[in-house]
Amino acid sequence: MTDMFGQELRKQLARARAELAAARAAGDADGVQAYEGRVAGLLRLASGHGIELPHSLEEEKGED
């Protein structure tokens, strides 16, 4: 079960990072803020379940 949960978190994190990059490219400040929060939230969720995901300190804080 945990493996499936980890896979889903990785999938959602990749999607959130892609959306964040798209928001940045479009100059969408609100989108950037929203997706930074999404990435940080997914990282906190993973950490709370003992799942390590590669990330930067900025992503963890929601400031990527």
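In this report, we go over the structure that sits alongside the text. (Residues numbered from 1 in each chain as written. Predicted model: local features only at pLDDT ≥ 70, side-chain atom pairs only at ≥ 80, totals over all residues. Heavy atoms only, no water.)

For the rest of this paragraph, the subject is helix α2 (residues 29–48). The first and last C-alpha atoms of α2 sit 29 Å apart over 20 residues, in line with the 28 Å expected at 1.5 Å per residue. Residues of α2 that are buried: Gly31, Val32, Glu36, Val39, Ala40, Leu42, Leu43 and Ala46. Buried positions in α2, seen along its axis, are confined to an arc of 165° and lie on one side of it. In α2, the exposed positions that point more than 90 degrees away from the buried face belong to Asp30, Gln33, Arg44 and Gly48. The opening residue of α2, the one whose side-chain oxygen lies 3.3 Å from the backbone nitrogen of Asp30, is Asp28. Looking one or two residues beyond α2, the residue adopting positive phi is Gly50, at roughly 75°. (Helix = DSSP H or I, 4+ residues; strand = E, 2+ residues; numbered from the N terminus. Expected span 1.5 Å × (residues − 1). Buried < 20%, exposed > 50% of the residue type's maximum accessible area, 1.4 Å probe, protein only. Arc of directions from axis to C-beta. Polar contact = N/O pair within 3.5 Å; in protein donor to acceptor, adjacent residues only side chain to side chain.)

Turning to the pattern of salt bridges, a few remarks are in order. Here the structure, examined in full by the defined rule, presents two salt bridges. In this structure, Arg17 and Glu59 form a salt bridge, with 2.7 Å as the shortest nitrogen-oxygen distance. With Arg17 in helix α1 (residues 2–26) and Glu59 in helix α3 (residues 57–61), this pair connects stretches of sequence that are 42 residues apart. The buried category is assigned to Glu59, whose relative accessible area is 8%. Close ionic contact of Arg24 with Glu36 constitutes a salt bridge, the shortest N to O distance being 3.4 Å. Residue Arg24 is located in helix α1, and its partner Glu36 is located in helix α2; the two are separated by 12 residues in the primary sequence. (Salt bridge = Lys/Arg side-chain N within 4 Å of Asp/Glu carboxyl O.)

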